[in-house]
Amino acid sequence: MAQLTFLGATGEVTGSRYLIETETTRLLLECGLQQGGRQAGEANQASLKALADSVDAVVLSHGHLDHAGLLPKLVRDGYRGPIYCTTGTRDLLHIMLRDSAHVMSKDVEWENKWRQRAGKDLIEPLYNMDDVEAALDQCCAVDYGHLQAVGKDIQLKFHDAGHILGSAIVEMVLQDGGRSRHLVFSGDLGNPDSVLMNTPARLTHADLVMLESTYGNRDHRPLEETIEELAGILKEAHEAGGNVLIPAFAVGRTQEVLYHLGRLHHQGRLPQQKVFLDSPMGIQVTELYARRRKLLNGADMDELDRASGGDLQRYLPQLQFTRRVEESMAINQITGGAIIIAGAGMCNGGRITHHFKYNLWRRQTHLVIVGFQARGTLGRQLVDGAKRIKVLGNELAVAAKVHTLGGLSAHAGQSALLDWAGAFKNQPVFHMVHGEPEAREALAEALRTRAKRDARVPELGQTVEI
């Protein structure tokens, strides 16, 4: 009997990991980092050797670190099999996993300086660059719509999820004791209103559906209203003489924000004369999006071309890429009139924390949150109204005005999730994953009452039959 075990992202939005077992094949679906606080860090340290020694294949829905960030650790712990993903995801992993290893190395180097002075044991990063390169070598790219055999009894197919470059809905057909069973994993479903991405593919048949529920308890504000609010924030910040800080995920959100800023510029509604993309990884991903434009939404690409004549610099002339640390540090001399886009998206590290140090205590500063902030992250503290936070080891007053733009989410809201689930013509069992408890429960209840679906809320470690 084919089985599914929930090993992560069950009652939370990070740490995606699921085990699928048939008579002859053990498959690991996702291998993501947990994000948000000390407890997540401890969970990431746990050995993956048992999985590494026993699974025959790994399948990824997309390249975000909460879905793929522990792949190098799995390889470090002994995994030598194939890692199936889309072409776009493979390209992103070359950027994201290398950046992750670099950041870990620097963080551990800093931590060990203090441990050595305190006479404590030194620590090691979860993985290093050699582990990343080995994991990348094991990646096998599969195009959307192509049927890929995995082991003797699993057929795999990817469909466009419309979330980020290369993101996929995962469809698997399992041969189980003479019968076929269909399993569908939504991955992270894109927001149909998002620019650059295609509308998520709609599937019509499954026996079991794993459905993400990040925004399972609410809908997003309409996009046009959100852009109007953003324009108003930029105008207010300009008149106040302050900077605008935008913590943004390097993949997806950064490119979407740049697209909207470009549109505002061509409408004569962008008063700021300097826009900094202060994220080496965000810069690399933006350049990758430009190279992989055929995977993006054709209508949005046509609009960009009409505005820029094919020259990205003409689309947003104020944009400056800051790759080097010295360039990033120089931004801190600017006290007003700039938009600073930097990582990390949940404010739990990266260059945005340095800009917090120089800007958050200023009343003229405007902080614009454009992505989901998981529990335990610094970004969540700010969204929840914290008046004082700890940044780079020091306590910092929050005098800046904090705005949350939910309409820019790259995730489907509740109505879009229900609409996507409604496309299935048979009656699959739905299992809510990738959501905090309130969101999972709300989406399951909506599926039961409004869509008349069998919707369940699995527990971490639970095993179910497919």
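Notes on the structure follow. A quick note: this is a predicted structure, and the numbers were derived from the prediction, not measured.

Pairing between the strands of a sheet is mediated by backbone hydrogen bonds and can be parallel or antiparallel. Strand order in the open sheet made by the seven strands is S6-S5-S4-S3-S2-S1-S22, with mixed pairing throughout. Sheet topology places strand S6 (139-141) and strand S22 (463-465) at the edges, where each strand pairs with a single neighbour. Within the sheet, the average angular offset between the axes of one strand and its neighbour, ignoring direction, is 25 degrees. Bridge count between strand S4 (residues 57-59) and strand S5 (residues 83-85): two bridges; the pairing is parallel.

Think of an α-helix as turning once every 3.6 residues; residues three or four places apart then point the same way. Looking at helix H15 (residues 414-421), one finds that the buried residues are Gln414, Leu417, Leu418, Trp420 and Ala421. For H15, the angular spread of the buried residues around the axis is 160 degrees, confining them to a single face. Summarising the contacts, the buried residues of H15 are in contact with strand S9 (168-176), strand S10 (179-185), strand S11 (208-212), strand S20 (429-433) and helix H16 (437-450).

So, on to the packing of aromatic side chains. Inspection of every chain in the model, using the stated rule, returns seven aromatic pairs. Pairing phenylalanine 6 with tyrosine 18 gives two aromatic rings, centres 6.1 Å apart and planes at 85 degrees, and the pair type is edge-to-face. Taken together, the residues span a long stretch of sequence, with phenylalanine 6 in strand S1 (residues 3-6) and tyrosine 18 in strand S2 (residues 18-21) at a distance of twelve residues. Since its relative accessible area comes to 0%, phenylalanine 6 is described here as buried.

Inspection of the secondary structure assignment puts arginine 253 in helix H8 (residues 253-266). For arginine 253, which is buried and forms no salt bridge, the nearest opposite charge comes from glutamate 256, at a distance of 4.2 Å. If near-sequence neighbours (up to four positions away) are discounted, arginine 253 is found in contact with Val370, Gly371, Phe372, Leu408, Ser409 and Ala410.

A few words now on the pattern of salt bridges. Scanning the entire structure with this criterion turns up 30 salt bridges. Note that arginine 375 and glutamate 436 form a salt bridge whose closest N and O atoms lie 3.4 Å from each other. Remark: glutamate 436 occurs in the loop between S20 and H16 and arginine 375 occurs in the loop between strand S16 (366-369) and helix H14 (378-383); sequence separation between them is 61 residues. Within the structure, one salt-bridge network assembled from shared partners comprises Arg375, Arg380, Asp384, Glu436 and Glu438.

With that settled, the discussion passes to the pairing of strand S13 (residues 274-278). The buried fraction of S13 is high, at four of five residues. In this structure, S13 lies alongside strand S15 (residues 338-342), joined through five bridges in parallel fashion. Directly across from valine 275, in S15, lies its bridge partner isoleucine 339. As paired elements, S13 and strand S14 (residues 319-321) share three bridges and run parallel to each other. Bridge pairing in S14 places phenylalanine 276 opposite glutamine 320.

Rules used throughout
Residues numbered from 1 in each chain as written. Predicted model: local features only at pLDDT ≥ 70, side-chain atom pairs only at ≥ 80, totals over all residues. Heavy atoms only, no water. Pairing = 2+ DSSP bridges. Helix = DSSP H or I, 4+ residues; strand = E, 2+ residues; numbered from the N terminus. Axes fitted to C-alpha atoms, helices over the stretch in contact; angles between N-to-C directions. Buried < 20%, exposed > 50% of the residue type's maximum accessible area, 1.4 Å probe, protein only. Arc of directions from axis to C-beta. Contact = heavy atoms within 4.5 Å. Phe/Tyr/Trp six-rings, centres within 6.5 Å; stacked < 30°, edge-to-face > 60°. Lys, Arg positive; Asp, Glu negative; His and termini not counted. Salt bridge = Lys/Arg side-chain N within 4 Å of Asp/Glu carboxyl O.

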